[in-house]
Amino acid sequence: MGYKVYKIKLEDEKQQEQLYMINDDLIDYWRKPSLKYNITGQAMVPPSLTSWFEQRLNDFDIAKEVFVDDVYEYLMKKDEVSIKSFNNVSDTAFNLYEYNRYNEIVDYLRALERTYDNSEGVNLRVVENGITAEGRPLVYIQLTNSTTNSNDKPIVIVEAGIIPRQWITVPSSMNIVHKLLDSDHSRLLNGYEWIIIPVLNPDGYEYTHTNLRLWMKSRSVRSHLGAICPGVNINRNFDIAWLQSDSSSSPCSHLYGGIEAFSEAESRLVRSSLESNKGRTRLYISLQNTGGYISYPWQYERAASGMFLQHHLLGLDMVAAMGDRYYLDVASSAYGDRASGTSTDYMRQNEVLYTFNIDIAPSGEDGVIVPREEVPMIAENVWRAVSVAAESLL
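- The name recorded for the chain in an unreviewed UniProt entry is Peptidase M14 domain-containing protein, from Iphiclides podalirius.
- Within the UniProt record for the chain, the comment given under Cofactor (unreviewed entry) is "Zn(2+)".

## Remarks on the overall build of the chain
Here's step 1: If you tally the helices and strands in the chain, you get twelve helices and twelve strands.
Here's step 2: Counting only C-alpha atoms, the chain reaches 65 × 50 × 45 Å along its principal axes.
Here's step 3: The burial tally for the chain puts 57% of its 394 residues in the buried class.
Here's step 4: For the chain, the proportion of contacts with a sequence separation of at least 24, taken over those separated by at least 6, is 75%.

## Digging into the sheet that holds strand E3 (residues 41-45)
Here's step 1: Across the sheet, four strands lie side by side as E2-E3-E1-E4; this open sheet has antiparallel pairing. This sheet does not close on itself; its edge strands, each paired only once, are strand E2 (28-31) and strand E4 (63-68). Here the strands of the sheet are splayed against their neighbours by 30° on average, with no regard to which way each runs.
Here's step 2: Here strand E1 (residues 4-9) pairs with E4 via five bridges, running antiparallel. Of the residues in E4, the one forming a bridge with Tyr-6 is Val-66.
Here's step 3: Docked against the sheet, helix H2 (residues 50-59) engages E1, E3 and E4, running at close to 10° with respect to E1.

## Observations regarding the state of the cysteines
Here's step 1: Evaluated as defined, the whole model comprises one disulfide.
Here's step 2: One disulfide in the model links Cys-229 with Cys-252; its S-S distance is 1.9 Å. Its torsion about the S-S bond being 75°, the disulfide of Cys-229 and Cys-252 is classed as right-handed. With Cys-229 in the loop between helix H7 (202-210) and helix H8 (265-275) and Cys-252 in the loop between H7 and H8, this pair connects stretches of sequence that are 23 residues apart.

## Focus: the packing of aromatic side chains
Here's step 1: Per the counting criterion, the structure on display carries 17 aromatic pairs.
Here's step 2: Between Tyr-207 and Trp-215, the aromatic rings sit 5.1 Å apart at their centres with planes inclined by 70°, giving edge-to-face as the arrangement. Like Trp-215, Tyr-207 is buried.
Here's step 3: Taken together, a centroid distance of 6.4 Å and an interplanar angle of 80° make the contact between Tyr-296 and Phe-356 edge-to-face. With Tyr-296 in strand E10 (residues 293-296) and Phe-356 in strand E12 (residues 354-359), this pair connects stretches of sequence that are 60 residues apart. By the burial criterion, Tyr-296 is buried, and Phe-356 matches it.
Here's step 4: An aromatic cluster is defined as three or more aromatic residues linked by ring pairs; in this entry it consists of Tyr-37, Tyr-293, Tyr-327 and Tyr-335.
Here's step 5: In this structure, Arg-219 is placed above the aromatic ring of Trp-215, and the distance from its NZ or CZ to the ring centre is 4.9 Å.
Here's step 6: One residue, Arg-271, lies across the ring of Phe-262, its end atom 4.5 Å from the ring centre.

## Considering the environment of Gly-130
Here's step 1: Relative to the helices and strands, Gly-130 is located in strand E5 (residues 122-131).
Here's step 2: Assessed through its relative accessible area of 32%, Gly-130 is described here as partly exposed.
Here's step 3: As a C-alpha pair, Gly-130 and Ala-265 span 135 residues in sequence and 6.2 Å in three-dimensional space.

## Observations regarding the nonpolar core
Here's step 1: Among the nonpolar cores identified, the biggest contains 59 residues, and Leu-143, Ile-176, Trp-194, Phe-356 and Ile-358 are the most heavily contacted of them.
Here's step 2: The leading source of residues in this core is helix H12 (residues 375-393), at nine residues.
Here's step 3: Core analysis: the next-biggest nonpolar cluster, separate from the first, contains 24 residues, Ile-155, Ile-162, Ile-234 and Met-347 among them.

## Some details on the environment of Arg-222
Here's step 1: The topology assignment puts Arg-222 in the loop between H7 and H8.
Here's step 2: Distance in space between the C-alpha atoms of Arg-222 and Tyr-116 is 39 Å, their sequence separation being 106 residues.
Here's step 3: Separated by 3.0 Å, the side chains of Arg-222 and Glu-264 make a polar contact.

## A look at the sheet that holds strand E8 (residues 193-197)
Here's step 1: Here we have eight strands laid out as an open sheet, ordered E5-E6-E8-E7-E9-E12-E10-E11, and mixed in their pairing. Looking at the sheet topology across the chains shown, the edges are occupied by E5 and strand E11 (327-330). The average angle at which neighbouring strand axes cross in this sheet is 20°, direction not considered.
Here's step 2: Contacting strand E6 (137-145), strand E7 (155-159), E8 and strand E9 (281-288), helix H5 (residues 169-180) crosses the sheet at an angle of about 155° to E8.
Here's step 3: Contacts from H8 reach E5, E6, E7, E8 and E9, with the element oriented near 25° to E6.

Reading the values: rules and limits
- Residues numbered from 1 in each chain as written.
- Predicted model: local features only at pLDDT ≥ 70, side-chain atom pairs only at ≥ 80, totals over all residues.
- Heavy atoms only, no water.
- UniProt positions renumbered as here; feature names shortened; annotations may be inferred.
- Helix = DSSP H or I, 4+ residues; strand = E, 2+ residues; numbered from the N terminus.
- Buried < 20%, exposed > 50% of the residue type's maximum accessible area, 1.4 Å probe, protein only.
- Contact = heavy atoms within 4.5 Å.
- Pairing = 2+ DSSP bridges.
- Axes fitted to C-alpha atoms, helices over the stretch in contact; angles between N-to-C directions.
- Disulfide = S-S within 2.5 Å.
- Phe/Tyr/Trp six-rings, centres within 6.5 Å; stacked < 30°, edge-to-face > 60°.
- Lys NZ or Arg CZ within 6 Å of the ring centre and 35° of its normal.
- Core = buried A, V, L, I, M, F, W, Y, C linked by side-chain atoms within 4.5 Å.
- Polar contact = N/O pair within 3.5 Å; in protein donor to acceptor, adjacent residues only side chain to side chain.

If you want it as structure tokens, here you go:
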């Protein structure tokens, strides 16, 4: 209790440089400020650091405003809204646009697998690849048509739920499965094999439902602090510039990169999906929720990959499909800082030609808590961007 969220507005490049000198493992950016795109950031600060944080902002003459005075009370109010919305949903039917629990998602995927078991037109398989620290199966859905040899097809991988508090990514990924099963989109099912990972971090995802809504890590206890500070930020656990930027070696940090690269079953699932389909993965998309970007490598350094022009041209079509509330940029430039150990950079480094982050933007000021009533619209926007990218690459 006592956590505050500050709005932060940058006025010039000097302030931008100075802001990243105000660095502490306990400061959690719901959304980083951007001078380039005139975006106001949101920083969650624990009570032990609020005086220090405010003083440092004052020292650098960086404008601030308290956005949330007490995060606990803020979440309680949001939960009341969620419960009212939830009570309008049937307890028996699976609702694609609901914030479903992990076991409900897995059960639904397995039901889909049974439904299409004898289908002549659709090849749908639920694949289990690994077990989490808390014993949950890591699953994804493999989907294509059954009329052509899938071993010859290029692959599209969509990953969601890598940061567990970003609930909006999960129904957005499930909607992609739903759209691909629609006969109107048979061309995309004929042209590709699809791998959809609806919740890459199920332990963390469940923890955000039962304990801490804003949790960002897994729940593994492999560090020297074990159960005292559990969890690894899965999007800092990939083997690319591991632990170098916007990452932490402290197990108590929400940016903890793990005891080593690929220490976690969740990141190893992504690596396995690449290695078992060597040379076939054409497009990799990570769904996230820190505010209104479509971005492409690199994120670990302040430069673009050799596929810069191709990414940018394709990204323009994706932005046009999602609407004018999205910005397109190299990831390190979009987020205003470098970050190492990310899934999209890892895939691009390992010869996947096209990799993107689709960083979902809610309609209001909230960057983390997305109201249920916005889910259908956002899921449709995500589908449009994904389908445009896949269609272009056919």
